[in-house]
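Descriptive analysis of the structure
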Amino acid sequence: MLAEIVSSGLAATGCTVHLGGLAPTPCIQFTARNQRLDGGIMITASHNPPQFNGIKVLGNDGVEIPRQEEAEIEEIFFTAKAEHASWQRIGRKRALPEAHEEYKEAIKKHIDPETVGRKNYRVVVDPVNGVGGLITPRLLKELGCRVTTINAEIDGTFPSRTPEPRPESLHELSTIVKTEQADLGVAFDGDADRAIFVDEKGEVQWGDRTFAIIEEFLLERNQVEKIVTPVSSSQVVKDVADKHGAKTILTRVGSTAVSHTMKKSSAKLGGEENGGVFYGPHQPVRDGAMTTALVLNVMAKTGKKLSDLINALPRYHLEKDTIKCPINLKPMILEELISKVRDHNLSHDTIDGVKIWYPDNSSILIRPSGTEPLYRFYAEAKAKARASELVREYKRKLTAMIHP
Ligand code: MG
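As the structure is a computational prediction, the values presented were derived from the model and not from experiment.

Another point: the overall build of the protein chain. Per the secondary structure count, the protein chain includes 14 helices and 18 strands. Against the globule reference of 22 Å for 404 residues, the protein chain gives a C-alpha radius of gyration of 22 Å, in line with a compact fold. For the C-alpha atoms alone, the extent of the protein chain along its principal axes is close to 65 × 60 × 40 Å. Within the span of the protein chain, comprising 404 residues, buried residues form 52% of the whole. Contacts in the protein chain between residues at least 24 apart in sequence constitute 65% of all its contacts with a sequence separation of at least 6. Only carbon and sulfur atoms are counted for the fraction: they give 51% of the accessible area of the protein chain, which is about 19,000 Å².

Another aspect to go through is the domain arrangement of the protein chain. Taken as a whole, the protein chain is organised into domain 1 (2–96) and domain 2 (317–402). Between the C-alpha centres of domain 1 and domain 2 there is a distance of 38 Å.

Spatially, five strands are ordered β6-β5-β7-β8-β9 in an open sheet, and the strand pairing comes out mixed. Each having just a single partner strand, β6 (146–149) and β9 (204–205) make up the two edges of the open sheet. Pairing of strand β5 (residues 122–126) with β6 involves four bridges; the strand directions are parallel. Across the sheet, Arg122 pairs through a bridge with Arg146, a residue of β6. Each of β5, β7 (184–188) and β8 (195–198) is contacted by helix α7 (residues 171–179), which is oriented at about 160° to β7, the strand it contacts most. Each of β5, β7 and β8 is contacted by helix α11 (residues 288–302), which is oriented at about 165° to β7, the strand it contacts most.

Following the criterion strictly, the structure yields two aromatic pairs and no others. With centroids separated by 5.0 Å and ring planes inclined at 85°, the aromatic side chains of Phe77 and Phe78 adopt a geometry described as edge-to-face. The ring of Phe217 has Arg221 lying over it, and the distance from NZ or CZ to the ring centre is 3.7 Å.

Moving on, we get to helix α3 (residues 67–78). If you check α3, its first and last C-alpha atoms are 16 Å apart, about what twelve residues at 1.5 Å a residue would give, namely 16 Å. Phi turns positive, to about 50°, at Ala80, one or two residues after α3.

A word on the coordination of the magnesium ion. Tetrahedral coordination by four donors places them ideally at 109.5 degrees to one another around the metal; octahedral coordination by six donors ideally gives 90 or 180 degrees. Protein-derived coordination of the magnesium ion comes from Ser46 (OG), Asp189 (OD), Asp191 (OD) and Asp193 (OD), at a distance range of 2.0 to 2.1 Å. Along the chain, the residues donating to the magnesium ion fall in the pattern S-x142-D-x1-D-x1-D. By relative accessible area, Asp189 is classed as buried at 0%.

Turning next to unusual backbone geometry. For Ala80, which is not glycine, the phi dihedral falls at a positive 50°. Its identity as a non-glycine residue notwithstanding, Ala192 has a phi of 60°, on the positive side. One can find Ala192 in the loop between β7 and β8. The class for Ala192 is buried, based on a relative accessible area of 3%.

Criteria and thresholds
- Residues numbered from 1 in each chain as written.
- Predicted model: local features only at pLDDT ≥ 70, side-chain atom pairs only at ≥ 80, totals over all residues.
- Heavy atoms only, no water.
- Helix = DSSP H or I, 4+ residues; strand = E, 2+ residues; numbered from the N terminus.
- Rg over C-alpha atoms; globule rule 2.2 N^0.38 Å.
- Buried < 20%, exposed > 50% of the residue type's maximum accessible area, 1.4 Å probe, protein only.
- Contact = heavy atoms within 4.5 Å.
- Areas by Shrake-Rupley, 256 points an atom, 1.4 Å probe, with all protein chains shown as cover.
- Domains from an automatic or database assignment.
- Pairing = 2+ DSSP bridges.
- Axes fitted to C-alpha atoms, helices over the stretch in contact; angles between N-to-C directions.
- Phe/Tyr/Trp six-rings, centres within 6.5 Å; stacked < 30°, edge-to-face > 60°.
- Lys NZ or Arg CZ within 6 Å of the ring centre and 35° of its normal.
- Expected span 1.5 Å × (residues − 1).
- Donors = N, O, S within 2.8 Å, 3.2 Å for Na, K, Ca; no water.

Quick look at the structure:
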């Protein structure tokens, strides 16, 4: 219904609308650039629960437009100041039947299909009844994989699990990977831009660790030089970059920040802790099918199992927590916290909240939630006790600031 409304609205202003139909967000992003369109629109709530929906607006390069441009569109919408075309100039709607195929073939060009094909990997795909089931299973079959797809029927009420792929919602995938003795399991979010992997032991691996194996593989082969990642990512991403003498560029949390920073700094690789991998040579946006192909490529080229690749990475313990904080107090608290950190001469970054690094390689990110009356803590350390200690310490400090 929303796709009909949006496409009719665009046609009324004189745009020719190319209808991609049901497709993963990264497929529409690829198509906008590949077909040299002026932009794109994706109707999706991404990883959010079924009662939500959303409209992602893309530029002519397929990247989501910056917040400022979104605000301009909202202004036109809420003031009803759109310019309508005269009847002779009303736009047409055209189908885009080739979009899936062109996107799928483009992904193959960035990996070594012969080497992957020789391995005949067994892969289980869980697209959460979303559009991820439309292309990736076919792509993997063409790459010589033996594919089992679960939750493949398209159903926007997401009856199988929550659309956000998280360790606690992937029991079914993990069980089937084990019973099928598969080499890999992959779970997408609702619009298949994020991918979370399950190793051959049935263990769900968090996004920044799978990103780090792709990062390591590409850095070793000099295919990338700079790494873009949000300040919330694990230290492992920077450790891998440091090992290869590569620069890590930190961004605010959110996929558009990563994409726009990649464009500005001509970086070819970006990654988020939630399963977003941005492979620039394909497109500087997160892309679940491309990520799956990259993971299989790393496994095939190195001849290693996913669990072995992951276990070779430096290990950190992560502790997360929140504290209630009235929305109006948030900016003041952040200012006070930053000035305290400066007074203590701690190594820190204030791109999004404040992230503090300690000499023992532990760190903590303290960040006001964008939508809720909360502050969030993400502490990481080699030892679990140290990560918990950091969370306790800063929870105490913030409590004292919120209730002086
Ligand atoms: Mg998404």
